[in-house]
Amino acid sequence: MSDRAVEQGRRDFLKTGAALGGATTVGLGGAKAANAAATAASAAATSAPLPLPDYERWDATEIALRIRRGDVKPSEVLEAAIARAEAYAAINAVTVPHFDMAREAAGALDGAGQAEREARPALSGVPFALKDLGIALKGTVTTNGCAFFKDAVADHDSTLAQRYQAAGLNIFAKLASPEFGQTATTESRLFGATRNPWNLERSSGGSSGGASAAVAAGVLPAAHASDGGGSIRIPASHCGLFGLKPSRGLIPSGPKSLEGWLGLSAHNVISRSVRDTALLMQLSQGPEAGARTLPPTADLLAALEQAPRGLKIGLFQTNLFGAGVHAECLEASNKAATLCAGLGHHVEPIDLSALPFLEMAGSMGVVTASGMLYTVREREKAIGREARENEFEPIDWQSLQKAKSYTAEQILKARNVFDRGGRVLDELFARYDLILSPTTAALPPKLGELSLDQPFERYARNAVQASAFTSMFNMTGLPAMSVPLHWSAEGLPIGVQFAAPYGGEARLIALAAQLEKAAPWADRRPPRLG
């Protein structure tokens, strides 16, 4: 493609409002003051001893087992999570605390005998948090990272929140997101900047950066996240964690919106262990009433024990925005290729020039900006007044104004080009089992580089490095995961991405479990947090 076409495609992608987070549907106010003096918090960990010293080394599966055996009480693990959320406040991960509600729920579980504990759901009493974007928990606020939604109390539970509660999870907070998930960092006027536990001057990624920061810091072993262009995989990569974006339709997003952003957005979790992601997906996957996009479900727990053999993996390392790829990100994917080859898989370079990527990226912006506009207008109807410019990030406000001019034809064209891209990738997956690539084209950015509160041109120079490898799988509805297999020379985590055919989650989980055994990462901890 010509340099002119590359540049035009990049600008179309950005100017139309392309984004990275999960689609929003609904939005307790009292936002925490923005990030004051956090840069001085080089000691993000407190000097005082924290409860349950081993808590940070347990994954959710282990916590559930210990609760079931009676080794620890639900209240004890909840207080361990809350204590760490407060001790590590400098990372600014928690936006909406539900501590009292969670304490009441944990207290009701504490007195159970052995038989009752064993009869309870798989994750009974395990602390958990939701992303502060696009998910509803009745009687609580989801702000979407936006001042216009800061006091929007949900009148219902999202289907996914219902499934998490049915699994026994004790939801004690919501975690930071940038406004409407529209960038690959987690910074907002409403809450300030969420900081990467590996380096407090850098971003934890976006838009599920609150989840990645909390899990990397040890506040939680796993947390809810969503992904409309890379927002599970990018934060997982930046914080040394595992993150899998599922196939379109596998995890419910209703009941009010069954396909966020016309199917671009998907919900799941960010976790330290592969088995936690597998378990949480196993407990939350499957259709909901009204859904028509239904990928096949699989036994993901069984996949953990089924080490794959002889996979044919295509290696792709080209930034289709034409912006290049950082040497450390290339090294990460090359190391992963070598590791896979050592495990008996075949890896070879592939070409994706047939993918209409720049056209897809431009159309993605039409869809995400239109989705944001719809959400804002629904809120306007609910409160009986129009949104004001000072209630939004400058770049988002520009996107909202532009979205007012989009036509139905542009929306239909967007879906058509996404489907064309899907056909290209499906044809490739007829020849390959997986695609391997860098997760991002750059290292975790410094805070401010991807903020939505800056001149557009400055933002644009950095934005195309974030989702060059991730967004194609949102537009085509395919599953993809980021696996923490590399750290830079200065100690920054760098993930690698594997993508699979539609409904191929079991294949991804099986490979991830194999990689986790071959190159374990669970004991790697951010140095500033001990």
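Described in the following lines is the structure provided in the data block. (Residues numbered from 1 in each chain as written. Predicted model: local features only at pLDDT ≥ 70, side-chain atom pairs only at ≥ 80, totals over all residues. Heavy atoms only, no water.)

## As for the packing of helix α6 (residues 159-166) against helix α9 (residues 274-284)
Thought 1: At a minimum axis distance of 9 Å, the contact between α6 and α9 shows a crossing angle of 115°. Here α6 is positioned roughly perpendicular relative to α9, judged by the angle of their axes. In this structure, the crossing between α6 and α9 has a hand that is right-handed. Residues Leu160, Arg163 and Tyr164 of α6 touch α9, and the partners they reach there are Leu280, Leu283 and Ser284.
Thought 2: Per-class residue counts for the contact of α6 with α9 are four nonpolar, one polar and one charged. (Axes fitted to C-alpha atoms, helices over the stretch in contact; angles between N-to-C directions. Helix = DSSP H or I, 4+ residues; strand = E, 2+ residues; numbered from the N terminus. Parallel < 35°, antiparallel > 145°, perpendicular 65-115°, else oblique. Left-handed = near helix turned anticlockwise from the far one by under 90°. Contact = heavy atoms within 4.5 Å. Nonpolar A, V, L, I, M, F, W, Y, C, P; charged D, E, K, R; others polar.)

## A short note on the packing of aromatic side chains
Thought 1: If you walk through the whole model with that rule in mind, you get 11 aromatic pairs.
Thought 2: Taken together, a centroid distance of 5.7 Å and an interplanar angle of 90° make the contact between phenylalanine 149 and phenylalanine 180 edge-to-face. Highlighted residues: phenylalanine 149 in the loop between β2 (127-131) and α6 and phenylalanine 180 in the loop between β3 (170-175) and β4 (187-188), separated in sequence by 31 residues. In terms of burial, phenylalanine 149 and phenylalanine 180 fall into one category: buried.
Thought 3: A relative accessible area of 1% means that phenylalanine 180 is categorised as buried. (Phe/Tyr/Trp six-rings, centres within 6.5 Å; stacked < 30°, edge-to-face > 60°. Buried < 20%, exposed > 50% of the residue type's maximum accessible area, 1.4 Å probe, protein only.)

## Quick word on the layout of surface pockets
Thought 1: One number sums up the size of the second largest pocket: a volume of about 330 Å³.
Thought 2: Looking at the lining of the second largest pocket, the elements with two or more residues in it are α9 and α17 (505-518).
Thought 3: Broken down by element, the lining of the second largest pocket gets its largest block of residues, three residues, from α17.
Thought 4: Considering only residue class, the lining of the second largest pocket consists of seven nonpolar, one polar and 11 charged. (1 Å grid on protein atoms, 1.4 Å probe; cavity = no way out; pocket = protein on both sides within 12 Å on 5 of 7 lines; lining within 4 Å. Points joined across faces, edges and corners; volume = space filled by probe spheres on them.)

## Some words on unusual backbone geometry
Thought 1: Cis geometry is adopted by the peptide bond preceding serine 207, which originates at glycine 206 and carries an omega value of 10°.
Thought 2: Within the secondary structure layout, serine 207 lies in the loop between β7 (199-203) and α7 (209-217).
Thought 3: For the bond running from glycine 254 to proline 255, omega is 15°, close enough to zero to count as cis.
Thought 4: Despite not being glycine, leucine 262 shows a phi value in the positive range, around 55°.
Thought 5: Residue class for leucine 262 comes out partly exposed when judged on its relative accessible area of 33%.

## Points about the environment of glycine 342
Thought 1: By secondary structure assignment, the location of glycine 342 is in helix α11 (residues 327-342).
Thought 2: Residue class for glycine 342 comes out exposed when judged on its relative accessible area of 66%.
Thought 3: Taking the C-alpha atoms as reference points, glycine 342 and alanine 80, 262 residues apart in sequence, are found 40 Å from one another.

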